[in-house]
Amino acid sequence: MNIRNALLATVGAVGALTLVSAAHAATTLTVYTALETEQLDPYKKAFEADNPGITIQWVRDSTGVVTAKLLAEKANPKADVVWGLAASSLMVLDAQAMLEPYAPKGLDAVKPTFRDAKTPPTWVGMDAWMAAICFNTVEAAKKNLPKPASWADLLKPEYKGQVVMPNPASSGTGFLAVSGWLQQMGKDAGWAYMDGLDKNTAVYTHSGSKPCKMAAAGEYAVGISIEYTGAVQKNKGAPIDVILASEGVGWEEEATAIVKGTKNLDAAKALADWAATKKANELYVQFYAVTAVPNVGKALPNYPENAEAKMLKTNDFAWAAANRDAILAEWTKRYDAKSEKK
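First, a word on what this report is: a plain description of the structure on this page. (Residues numbered from 1 in each chain as written. Predicted model: local features only at pLDDT ≥ 70, side-chain atom pairs only at ≥ 80, totals over all residues. Heavy atoms only, no water.)

1. Comments concerning the nonpolar core
Of all hydrophobic cores here, the largest spans 86 residues; its most connected members are Tyr43, Trp83, Met130, Trp151, Trp181 and Met194. Residues Tyr32, Ala79, Leu85 and Ala255 belong to the second largest nonpolar core, which totals 16 residues. (Core = buried A, V, L, I, M, F, W, Y, C linked by side-chain atoms within 4.5 Å. Buried < 20%, exposed > 50% of the residue type's maximum accessible area, 1.4 Å probe, protein only.)

Okay, here's the thing in structure tokens:
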């Protein structure tokens, strides 16, 4: 081989090695989430398309399970980012100094109620979801059940054995419902309400969306669940009405945060930046009508009208986070016997 050819071969080999190194340099972000499973693929694809070289590896479970997992891993974090977990859960982690303060690019476009109040914030909201009543009109007609309009209606004796709702220790939807009742009614009246509701409740599930799916399938007439799930089931042809209680409904924010100690901080910041963009919020609004960035698009068909107006005006996430353990301990003592087996 002459010198010229040898040089070309060397350059080619170096180039190939560079390509291999670049491929190995691609970052995999471990992202913990409680997003619904149908949200994972579109969010992942959209982010990765805009951020070549970063790949998302999801770790998904219900809100309570993800929160417990993060707390258990405090000394040796496995997650890089949390994308799609209740803000009140992130406040619990923040109180343990487990989140990295970071102000995403474009933060000014985010509603003030959809971000941590600190500067820089440790979490930034994505969208709001709320407790709704999924009511199967066909099953109700068979059993001569009236259509409920309020939380109070669900205490009527004719609903005995016809209600299913999420366990708040497992489900963020369950917790936001319970937290909403306690804030709305006060401690004593709130627990008295849940005592009455328990008499009509057949089972407590470990998934926030499951009660609505069970109502949609006709297993029960009433499912206290996620309003988004209700709209999806109705769009699929299920004979359900999605009702936001007249007293107002408890709600939560899904939010994004960087886990302190991540070895992939630059990539984690890139995800936090993207999660706060208008483009990301245009994806969020395909599932939930109320998003962190306002006026980004049209919500799902059959989504409850005027949902934002039905959300509790004095929803105190800090109170919910600070009292979470005590609320769950009391709820478990009173009602856990009816929870489905894990």
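2. Overview of the pairing of strand S5 (residues 124-136)
Buried residues dominate S5, accounting for 13 of its 13 residues. One ladder, built from six bridges, connects S5 with strand S10 (residues 251-259); its direction is antiparallel. Each residue of the ladder has a partner; that of methionine 130, found in S10, is tryptophan 251. Two strands pair when backbone bridges link them, and S5 and strand S8 (residues 222-226) are joined in this way by five bridges, in the antiparallel orientation. Residue pairing for S8: alanine 132 is matched across the bridge by serine 225. (Helix = DSSP H or I, 4+ residues; strand = E, 2+ residues; numbered from the N terminus. Pairing = 2+ DSSP bridges.)

3. Some remarks on the state of the cysteines
Tallied over the entire structure, the rule returns one disulfide. The disulfide that involves cysteine 134 links it to cysteine 212, with 2.1 Å between the sulfurs. Note on the cysteine 134 and cysteine 212 pair: the S-S dihedral is about -95°, so by sign convention the disulfide is left-handed. Linking cysteine 134 in strand S5 with cysteine 212 in helix H8 (residues 210-216), this pair joins segments that are 78 residues apart in sequence. As far as the burial class goes, cysteine 134 and cysteine 212 line up, both buried. (Disulfide = S-S within 2.5 Å.)

4. Quick look at the pattern of salt bridges
All chains considered together, the criterion is met by 16 salt bridges. The partner of aspartate 241 in a salt bridge is lysine 234, with the nearest N and O atoms 3.6 Å apart. (Salt bridge = Lys/Arg side-chain N within 4 Å of Asp/Glu carboxyl O.)

5. Things to note about the packing of aromatic side chains
In this description, a pair of aromatic rings is defined by centroid distance and the angle of the planes. Overall, the coordinates contain 15 aromatic pairs when judged by the stated rule. Ring geometry for tryptophan 83 and tryptophan 274: centres 6.0 Å apart, planes at 90°, overall edge-to-face. Here tryptophan 274 lies in helix H10 (residues 265-275) and tryptophan 83 lies in strand S3 (residues 81-86), a separation of 191 residues in the sequence. Neither residue differs from the other here; tryptophan 83 and tryptophan 274 are each classed as buried. Aromatic rings pair up to connect Tyr43, Phe47, Trp58, Trp83, Tyr228, Trp274, Tyr284, Phe287 and Tyr288 into one cluster. Above the ring of phenylalanine 175, the side-chain terminus of arginine 324 is found at 5.8 Å from the ring centroid. (Phe/Tyr/Trp six-rings, centres within 6.5 Å; stacked < 30°, edge-to-face > 60°. Lys NZ or Arg CZ within 6 Å of the ring centre and 35° of its normal.)

6. Overview of the side chain of serine 171
Turning to its location among the elements, serine 171 is positioned in the loop between strand S6 (163-166) and helix H6 (172-185). Within the structure, serine 171 has its side chain in polar contact with the backbone nitrogen of glycine 208 (distance 3.5 Å). The residues touching serine 171, leaving out its near neighbours within four places in the chain, are Thr63, Gly64, Pro166, His206, Ser207 and Gly208. (Polar contact = N/O pair within 3.5 Å; in protein donor to acceptor, adjacent residues only side chain to side chain. Contact = heavy atoms within 4.5 Å.)

7. Quick word on the environment of aspartate 94
Looking at the secondary structure, you find aspartate 94 in helix H4 (residues 87-95). There is a polar contact of 3.1 Å between the side chain of aspartate 94 and the side chain of threonine 122.

8. Some thoughts on the packing of helix H3 (residues 63-72) against H4
Two measures define how a pair of helices packs: the angle their axes make with one another and the distance between the axes. The contact between H3 and H4 brings their axes to 10 Å, and the two run at 10°. Classed by the angle they form, the pair H3 and H4 counts as roughly parallel. Contact residues: H3 offers Thr63, Thr67, Leu70 and Leu71, while H4 offers Ser89, Val92 and Leu93. A breakdown of the residues in the contact of H3 with H4 according to their chemical character gives four nonpolar, three polar and no charged. (Axes fitted to C-alpha atoms, helices over the stretch in contact; angles between N-to-C directions. Parallel < 35°, antiparallel > 145°, perpendicular 65-115°, else oblique. Nonpolar A, V, L, I, M, F, W, Y, C, P; charged D, E, K, R; others polar.)

9. With respect to H10
Structural remark: α-helix, 3.6 residues per turn; residues separated by three or four positions point the same way. Within H10, eight of the eleven residues are buried, leaving the element largely enclosed by the surrounding structure. For H10, every residue scored as buried is listed here: Ala267, Ala268, Ala270, Leu271, Ala272, Asp273, Trp274 and Ala275.

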